[in-house]
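Chain residues, written in single-letter form:
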Number of protein chains: 4
Amino acid sequence: MIKHNCGIFGVYNSYRALDLTYYGLFQLQHRGEEGFGVVGVTDTGIFERKSEGLLSELTKNGYAFSFPSSRAAIGHVRYSTTGSPSTANLQPFIVQFRNDFLAIAHNGNFVNYKRLKEKLVKKGTVFHSTTDTEIFLHLVAQSMESDLLAGIMYAMSIVEGAYSILLLTKDAIYAVRDPYGFRPLEMGELEGAIIFSSETCALSFLGANHIRPVKPGEIIRVSRSGVDSFKLENKNPARFCIFELIYFARPDSIVDGFNVYEFRKKSGMMLGKLAPATADIVVAVPDSGSIAAIAYAQTVGIPFEIGLVRSYYVGRSFIKPRLHERESDVVFKYGPVNSVIKGKRIVLVDDSLVRGTTSRRLIEIIRTAGAKEIHMRVASPPLKYPCFYGIDIPTRHELIASSLDLNEIKGFINVDSLSYLPLEYLINSDENRFCTACFSGEYPIEVREK
Amino acid sequence: MIKHNCGIFGVYNSYRALDLTYYGLFQLQHRGEEGFGVVGVTDTGIFERKSEGLLSELTKNGYAFSFPSSRAAIGHVRYSTTGSPSTANLQPFIVQFRNDFLAIAHNGNFVNYKRLKEKLVKKGTVFHSTTDTEIFLHLVAQSMESDLLAGIMYAMSIVEGAYSILLLTKDAIYAVRDPYGFRPLEMGELEGAIIFSSETCALSFLGANHIRPVKPGEIIRVSRSGVDSFKLENKNPARFCIFELIYFARPDSIVDGFNVYEFRKKSGMMLGKLAPATADIVVAVPDSGSIAAIAYAQTVGIPFEIGLVRSYYVGRSFIKPRLHERESDVVFKYGPVNSVIKGKRIVLVDDSLVRGTTSRRLIEIIRTAGAKEIHMRVASPPLKYPCFYGIDIPTRHELIASSLDLNEIKGFINVDSLSYLPLEYLINSDENRFCTACFSGEYPIEVREK
Amino acid sequence: MIKHNCGIFGVYNSYRALDLTYYGLFQLQHRGEEGFGVVGVTDTGIFERKSEGLLSELTKNGYAFSFPSSRAAIGHVRYSTTGSPSTANLQPFIVQFRNDFLAIAHNGNFVNYKRLKEKLVKKGTVFHSTTDTEIFLHLVAQSMESDLLAGIMYAMSIVEGAYSILLLTKDAIYAVRDPYGFRPLEMGELEGAIIFSSETCALSFLGANHIRPVKPGEIIRVSRSGVDSFKLENKNPARFCIFELIYFARPDSIVDGFNVYEFRKKSGMMLGKLAPATADIVVAVPDSGSIAAIAYAQTVGIPFEIGLVRSYYVGRSFIKPRLHERESDVVFKYGPVNSVIKGKRIVLVDDSLVRGTTSRRLIEIIRTAGAKEIHMRVASPPLKYPCFYGIDIPTRHELIASSLDLNEIKGFINVDSLSYLPLEYLINSDENRFCTACFSGEYPIEVREK
Amino acid sequence: MIKHNCGIFGVYNSYRALDLTYYGLFQLQHRGEEGFGVVGVTDTGIFERKSEGLLSELTKNGYAFSFPSSRAAIGHVRYSTTGSPSTANLQPFIVQFRNDFLAIAHNGNFVNYKRLKEKLVKKGTVFHSTTDTEIFLHLVAQSMESDLLAGIMYAMSIVEGAYSILLLTKDAIYAVRDPYGFRPLEMGELEGAIIFSSETCALSFLGANHIRPVKPGEIIRVSRSGVDSFKLENKNPARFCIFELIYFARPDSIVDGFNVYEFRKKSGMMLGKLAPATADIVVAVPDSGSIAAIAYAQTVGIPFEIGLVRSYYVGRSFIKPRLHERESDVVFKYGPVNSVIKGKRIVLVDDSLVRGTTSRRLIEIIRTAGAKEIHMRVASPPLKYPCFYGIDIPTRHELIASSLDLNEIKGFINVDSLSYLPLEYLINSDENRFCTACFSGEYPIEVREK
């Protein structure tokens, strides 16, 4: 599976800032299951809590737990992209900055990380972690600018890549989005408090009003003097990550102006128009393919059925002692409904096809359950290029569409027919709005370090 | 929510008996999320591992873990019905029996528990737990019968109620089902090993062949001398729990001869025929209402849409500091897809209606998201009576249908129309096969202790 | 090292019964370091807390902890004598007894355990543990006596061996001591509360008055109707374990009428009179040999010096990766003070000599530190026989004095001279008061099971 | 109690470097009980293990544990002086330094911490902790010197205060001691490996030869090219902390050329000559006063007796629910031997007197046990001034000798007579060798930040 790349959340001006951040992160948990952290400003100082695993870990031991009152807070859920998901790597990071503290939560990836680090090291900069996030802090600190805002602008002028960042100080929250706007970051309001969240699903959960996205290249500062917006000069067009819409974001979210549910539904309809199939039922790979599958079924007029039952108990790290081949992860996760599948011609719909190995195994399960024919329909184009802007897409040679053509893939995963949704139909009229590098190879920012 | 009442699993004659039991329990996790246990016979003695929480807990600490080789094993996943879910109450229980050990895993409930315990206590029996399961062990031990089989039969002749039981000794597994057959217990085969499981989904997962259910009143002994079946004389007809089909069992399971998926689909179709609605879309309460909703939608010819997104990260014990009313558990679990709901006339389908409070809150969420009309359709009859055979259905006065009539319920949950599926359409021609006490009040076994 | 065999503590009639039990056990920790448990009667039921390890474990996680109010409580610290020190084996055990509960804490060992268990099993008794303590409970329960006291007396008439037992019910505490009185059990009083403790050091710590020992064969019941004493008819003379005085009990305790400090001091003086040595300094093996060493030094007129520093950080279970021979446990525990030892003729005093391996290694350390001569003085007789009454003394062939004579031992541990304190001088005029089986082989109770 | 201020240990050139460091730290545990850490260079990178609590924590969970092979390693045991003893504050710290890593373990305290930090912050330095140790790393990194050695020298020229430091790189260990030599650091050799340790007791334990102390102002580098010594120009005389000899160091250690045992013995003898008493017995406050007490007893010719038994089970963080006044920490730790104390005139000897509250409570216990007279003798001068060089001595107003005169102290702790050992007799002819600021108020380094 493709891994997400973190979610961030922040609240300014509510005595429940820590509570709301904790609740908000619950709705962003799908963006990061490996660990979480919250940092809040309380009357007596900084409150910090981090843990590996899911947010529900917080209450595992059965002890009563409550957050202190706090007027501002930020939080982070993370997937580790490198190294072990140790507590030391969990965000938000807190550093001593000037005579105060500075906390940072970061979603994204700097592409000129290595060169920047080299330069800083030559200047005598001591690094405490191997994360790229730390670079940003050092640039801000060394900018010698009189205030934090200027320091942030200086850092933004030097780092390249994808980043949505929340910074927390004693007095303010700064919400920052890179000039291309690769990663989402939304702003909302609840009873006088300003809230930032990677996705709107966390805003609606809290009953907060959605105001607007933080714009590409924008810095929003929320402090006692109100909400101020600053903008980096920016000649490049925005490039929102299309994979957020295809797979990452929750279907009840709106991100960067796009309605995730409608995007997926339209993809499924388009796929139905372009690649119908003669079959008895349409089955989704749950849950990622469900919306597209239902839309596909409605478009082609074939009944949608739940042919695969997904288990939500299989976490990322469960043990597999003496596991036989037929008991792979895929089998743990998906149970075929034999009576639905047996003797049927099936259209199987998924949102994307990455390595092909999961699909292959899943299709084998469906065949064993008695399917007569299997027609695979993928609601996005062939995935051919790695991502350097914050998504953990495998290297080129692991991407099946990068080395095999359509016919070979069809053979590899062993289906009776296979269709993808072409890029032009996916992006439609919004062609200049998206980063589609993983499909097209056209990278908005040149990547010299890989 | 109605709570399940445990799942049991056992393997005889495989060196991977413990591994397979662990894998099997993963597929039965929906029957018990509060704790689990496995016990296996190894070359050097008994291996035992129990823990509160989900099976995935086993690997939380990051240490490598592997089960020893074992020729036979049984396991249990549980919901606590009384008291705290402490490790001491986790099954399988292991006792010293004669010169050997005896382990027991139990799904169900004895209805004459109190009287039996009183009698045993008078005889000087020492009880180590407050569970009814222990009664069975004492009856077996005190039967004075020359062998375990006779002891089990003696115990079965005395206890009344619902039980599916697996017993493990050094040499054999005994699978036992009460004469009414309230709870499921299925037998399968994999490469010479005999497997018992509450549901077949765990058998198909392992690639095992499904042989047949353990019959009501039957004892199956698997030992070196093969598979032997013994039967208690039994004049009563079998009474399989209809709620297993409505809600408990996984849709990819077959239990006691019934196909769960087909049962739910048929219920949804019947509901569509009996209670159509004039509406724009059909929305399910995920996941329990999904199958019925899709079938309903197909029957009435209204499009099925995913109007509610369910979060799977919200466990039973997450903390809720300073939670405002609008941030209840329901809100944590279900996110409305605004663009789907807004301005629409909606048919909302669920499998059952228990207290009415969850539905009420959920309907409020849907109304806030902009629904024009909401028509509730419930794929089972009004739930009016508590269960004494192993399901944690609330007491009468908590069941909304027990105190309010249809019109009052409609008002309470605030829908534009409300229909249930009548009992005669649910059970169809199988009317004598089921225990329907929770709907009809007709209890197969008289219950004097409550 | 010889292991202790548990400590017990109980309080009746104080709202701080659980707190006081916890504090009392802290002073009995030397009698059992592998685990502990407390059970108390509260207004709402039974409170129970058990844990492996030291009492200080209770507060390890940093969470605030407090015991509920409780009117009566008992507690236990334990050394495991068999099996792993798992939580399941920690005492007090709680069982369902009649319509109430019964908790038991036991210090000692039944010698006719196997035969009794066999008989009970034949009657259909189910055992939940492999401990001998459980036997006592079944005998009480099966006695069919109308009240608990009679049941206890019945059980005492059947079990043979060493036992000091505390039983807790909703209404009373029963303190029981076997007819020989092998293990200590003392009674005290504090502000109207009655307290039982293995040793008086826990009484003085609480500021409680020491009343008297529970007598051999006595049952003391403390209930609302006061303190009642019952006595089993008993023709045998009492036989208090002399090893409690030599090594087990804390020097600030009085047990069964004996002052531990004075006993050890007298042993050291006697040893000085019988076995003086020409030497420069007297050094103790700390802490077990310290009192005898100081008395020896005063008697012979040679200065006492601290030649060995003991580390208290070395617990029972510390890891020893790639440990070289010279880095054995002994070395971890004792650091030689080179400037004290170098060039000196040393008298080394210890309380007893068990396997000889520790002494051998310790003497090697002292020689390496530059001692010119080493004269070993042991403040008890040669240890030749195993104990069946609750002390974990190794089997005969592991006891060095059982296979080697004085001269051979002297050679094995490599000292310039070696003297023991003969039995007659140790017990003095109290010869019929003690069990001296480990020295003399005269077992007060015949032992058929070994 | 006065708290220690960390211990450090390092090994170069042994495949068992991590194991030996772990063993060595065990012998330095008295210098820091709140947490520990080890870092080693292995073939595949850096190995790191840190934990709160004692070293024995490492094996608490029962899992087998072993360190990897490593050619060099350093370790640290700590007392927290500020903030909570969280894992984040445990040393050794590891940072990214140039293209490699750098680990640091530090014992001591920088007195110009605040000014230095302010300067660095102005330059844009980001601090990750609130410890003074981090200052040293930034100074080294920002020195712009071509090699690490020059960077260390630069840092030493800027920081002021007390420090013994071990630095570990991929290729070398650097052992550094401040120009005054406040804190100890000893060098040893074992089978070709070079070892550094705060005290020699850890060297003798391993069977290592003691070579010499690292000298004040010296940097010793151990690398493939051997052992090289560098020296900062240093006009100031060395000032070794006298409290290391009075209380901190283990009596079987030699530190900075001083034999700890002999120092304490001489103090006790001198105290006997200067302040004899008419009494029946001499009793030590164990263990800190034991050596002085025995020497005192020998000098004045009064018998030494063990009148107080110390419990080693009472850790720093045990809970005290509903603790009555008479059950204070002191009582938990010391049990009076009534038969020794009753009716006696007692000389009570301790190493030092800090707040007076512990002594007061202890003397109350001894009085309650029946002492007729108590004569307190303290083997060091009145403690009047706080320490800024790494020892956690309370502020002035908490030090009893700072606000009360001898007579008032005598009244406060309620003794019949009280004598201290005057400073000139304590330091003897070595008067220019020691830092005695806590007694004399003469601080070797001016302290402007407090």
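You'll find the structure just up there.
S.K.: Could you give an account of the overall build of chain A, with specific residues and numbers?
M.R.: A count of helices and strands for chain A gives 15 helices and 23 strands. Since a compact globule built from 450 residues should have a radius of gyration of about 22 Å, the 23 Å found for chain A is in line with a globular shape. Counting only C-alpha atoms, chain A reaches 70 × 50 × 45 Å along its principal axes. Considering only contacts within chain A whose residues lie at least 6 apart along the sequence, 69% involve residues at least 24 apart. The averaged location of the 48 negative side-chain charges in chain A is 2 Å from the averaged location of its 51 positive side-chain charges.

S.K.: Report on helix H11 (residues 357–368) of chain A, specifying residues and quantitative values.
M.R.: Residues and elements named next belong to chain A. The terminal C-alpha atoms of H11, which comprises 12 residues, lie 17 Å apart, in line with the 16 Å expected from a rise of 1.5 Å per residue. Taken residue by residue, H11 has Ser-359, Arg-361, Leu-362, Ile-363, Ile-365 and Ile-366 as its buried positions. Where H11 terminates, the next one or two residues include Gly-370, which has phi positive at roughly 105°.

S.K.: Can you explain the interface of chain A and chain D? Please cite residues and give values.
M.R.: Many analyses report the size of an interface as the accessible area lost when the parts associate. Contacts between chain A and chain D engage 21 residues on the former and 20 residues on the latter. Area buried by chain A at its contact with chain D is led by Gln-96, Val-126 and His-128 of chain A, which between them contribute 36% of it. Across the chain A-chain D interface, the total number found is 0 salt bridges. Among the elements that make up the side of chain A that touches chain D, the one with the highest residue count is helix H3 (residues 133–142) of chain A (5 residues). By residue class, the composition of the side of chain A that touches chain D is 8 nonpolar, 8 polar and 5 charged.

S.K.: Any chance you could break down the state of the cysteines for me, citing the residues and the numbers?
M.R.: Scanning the model with the defined rule gives 0 disulfides over all chains in all. Looking at Cys-241 of chain D, it has no disulfide partner, and the nearest cysteine sulfur is the one in Cys-387 of chain D, 6.1 Å off.

S.K.: Explain the pattern of salt bridges to me, using residue names and the numbers behind them.
M.R.: Scanning the model with the defined rule gives 62 salt bridges over all chains in all. For the salt bridge of Asp-100 of chain B with Lys-170 of chain B, the shortest nitrogen-to-oxygen distance reads 3.9 Å. Remark: Lys-170 of chain B occurs in the loop between strand S7 (161–168) and strand S8 (173–177) and Asp-100 of chain B occurs in strand S6 (residues 100–110); sequence separation between them is 70 residues. For Asp-100 of chain B, a relative accessible area of 23% gives the class partly exposed. A salt bridge links Arg-221 of chain D to Asp-228 of chain D, with the shortest nitrogen-to-oxygen separation between them at 3.3 Å.

S.K.: Account for the side chain of Asp-350 of chain D, naming residues and giving values.
M.R.: As for its position among the elements, Asp-350 of chain D is in strand S20 (residues 345–350). Excluding anything up to four places from it in sequence, Asp-350 of chain D contacts Val-285, Ser-288, Gly-289, Met-376, Arg-377, Val-378 and Ala-379 of chain D.

S.K.: Requested: an account of the relation of the copies chain A and chain D, with residues and values cited.
M.R.: Between the two copies of the chain lies a rotation about an axis combined with a shift along it. Aligned on chain D, chain A shows an RMSD of 0.1 Å; the corresponding rotation is 179° and the shift along the axis is 0.0 Å. Accordingly, the operation relating the two chain copies is best matched by a two-fold axis.

S.K.: With reference to specific residues and values, describe the packing of aromatic side chains.
M.R.: Scanning all chains against the criterion turns up 77 aromatic pairs over all chains. On the numbers, 5.6 Å between centres and 50° between planes, the contact of Tyr-22 of chain A with Tyr-23 of chain A is tilted. The exposure classification of Tyr-22 of chain A matches that of Tyr-23 of chain A, with both residues buried. With a centroid separation of 6.1 Å and an interplanar angle of 55°, the aromatic rings of Phe-136 of chain B and Tyr-163 of chain B are classed as tilted. Of this pair, Phe-136 of chain B sits in helix H3 (residues 133–142) while Tyr-163 of chain B sits in strand S7, and the two are 27 residues apart along the sequence.

S.K.: With reference to specific residues and values, describe the sheet that holds S6 of chain B.
M.R.: All names here are of chain B. Strands sit in the order S5-S6-S7-S8-S12-S13 across an open sheet of 6 strands; the sheet is antiparallel. Of all strands in the sheet, those with a lone pairing partner are strand S5 (93–97) and strand S13 (226–231), marking the two edges. On average, each strand axis in the sheet is tilted by 20° relative to the strand beside it, whichever way the strands run. In this sheet, S13 lies alongside strand S12 (residues 218–223) in antiparallel orientation, the contact comprising 6 bridges.

S.K.: I'd like a rundown of the sheet that holds strand S10 (residues 193–197) of chain C, residues and numbers included.
M.R.: Sheet strands line up and pair through hydrogen bonds in the backbone, either parallel or antiparallel. All names here are of chain C. Strand order in the open sheet formed by 7 strands is S3-S2-S4-S1-S10-S9-S11, and the pairing between neighbours is antiparallel. Among the strands making up the open sheet, the edge pair consists of strand S3 (45–52) and strand S11 (209–213). Mean inter-strand twist for the sheet, computed between neighbouring axes without regard to direction, equals 15°. In this structure, strand S9 (residues 186–190) lies alongside S11, joined through 4 bridges in antiparallel fashion. Bridge pairing in S11 places Gly-188 opposite His-210. Across the sheet, helix H1 (residues 17–27) lies against strand S1 (7–12), strand S2 (35–42), S3, strand S4 (72–78) and S9, angled at about 20° from S4, the strand it touches most.

S.K.: Please give an account of the pairing of S20 of chain D that cites residues and values.
M.R.: All names here are of chain D. Here S20 lies mainly inside the structure; 5 of its 6 residues are buried. Two strands pair when backbone bridges link them, and strand S17 (residues 281–284) and S20 are joined in this way by 4 bridges, in the parallel orientation. Among the inter-strand pairings, Ile-281 is bridged to a residue of S20, identified as Ile-346. Here S20 pairs with strand S21 (residues 373–378) via 6 bridges, running parallel. Within S21, the position partnered with Ile-346 by the bridge is Ile-374. Once the chain exits S20 it traverses helix H11 (residues 357–368) before rejoining the sheet at S21, and the crossover so formed is right-handed.

S.K.: Kindly report on the environment of Leu-232 of chain A, identifying the contributing residues and their values.
M.R.: Residues and elements named next belong to chain A. In this structure, Leu-232 sits in the loop between strand S13 (226–231) and strand S14 (240–241). With a relative accessible area of 16%, Leu-232 lands in the buried category. Between the C-alpha atom of Leu-232 and that of Phe-196, which follows or precedes it by 36 residues, the distance is 19 Å. Setting aside residues up to four positions removed in sequence, Leu-232 forms contacts with Met-153, Met-156, Pro-179 and Gly-217.

S.K.: Describe unusual backbone geometry, listing the residues and the values that go with them.
M.R.: Residue and element names in this part refer to chain B. Cis rather than trans, the peptide bond between Gln-91 and Pro-92 has omega equal to -5°. With respect to the secondary-structure elements, Pro-92 resides in the loop between strand S4 (72–78) and S5. In this structure, Asp-287 follows Pro-286 across a cis peptide bond, with omega equal to -10°. Here Asp-287 shows up in the loop between strand S17 (281–284) and helix H8 (290–300).

S.K.: Describe in detail the side chain of Gln-27 of chain C, supporting the description with residues and values.
M.R.: With respect to the element layout, Gln-27 of chain C can be found in helix H1. Only 2.9 Å separates the side chain of Gln-27 of chain C from the side chain of Arg-250 of chain C, close enough to count as a polar contact. Once residues within four sequence positions are removed from consideration, Gln-27 of chain C is found in contact with Cys-201, Ala-202, Phe-205 and Arg-250 of chain C together with Val-331 and Phe-332 of chain D.

S.K.: Could you give me a rundown of the environment of Lys-410 of chain D, with the residues and numbers involved?
M.R.: Residue and element names in this part refer to chain D. Turning to its location among the elements, Lys-410 is positioned in helix H13 (residues 406–413). When the C-alpha positions of Lys-410 and Tyr-389 are compared, they lie 30 Å apart, and in sequence the two are 21 residues distant. Setting aside its immediate chain neighbours within four residues, Lys-410 contacts Val-415, Asp-416, Ser-417 and Leu-418.

Cut-offs applied
- Residues numbered from 1 in each chain as written.
- Chains lettered and ligands numbered in written order.
- Predicted model: local features only at pLDDT ≥ 70, side-chain atom pairs only at ≥ 80, totals over all residues.
- Heavy atoms only, no water.
- Helix = DSSP H or I, 4+ residues; strand = E, 2+ residues; numbered from the N terminus.
- Rg over C-alpha atoms; globule rule 2.2 N^0.38 Å.
- Contact = heavy atoms within 4.5 Å.
- Lys, Arg positive; Asp, Glu negative; His and termini not counted.
- Charge placed at Lys NZ, Arg CZ, Asp CG, Glu CD.
- Expected span 1.5 Å × (residues − 1).
- Buried < 20%, exposed > 50% of the residue type's maximum accessible area, 1.4 Å probe, protein only.
- Buried area = accessible area lost by both parts, 1.4 Å probe.
- Salt bridge = Lys/Arg side-chain N within 4 Å of Asp/Glu carboxyl O.
- Nonpolar A, V, L, I, M, F, W, Y, C, P; charged D, E, K, R; others polar.
- Disulfide = S-S within 2.5 Å.
- Least-squares fit on C-alpha atoms with pLDDT ≥ 70 in both.
- Phe/Tyr/Trp six-rings, centres within 6.5 Å; stacked < 30°, edge-to-face > 60°.
- Pairing = 2+ DSSP bridges.
- Axes fitted to C-alpha atoms, helices over the stretch in contact; angles between N-to-C directions.
- Right-handed = clockwise from strand over helix to strand, strands pointing away.
- Polar contact = N/O pair within 3.5 Å; in protein donor to acceptor, adjacent residues only side chain to side chain.

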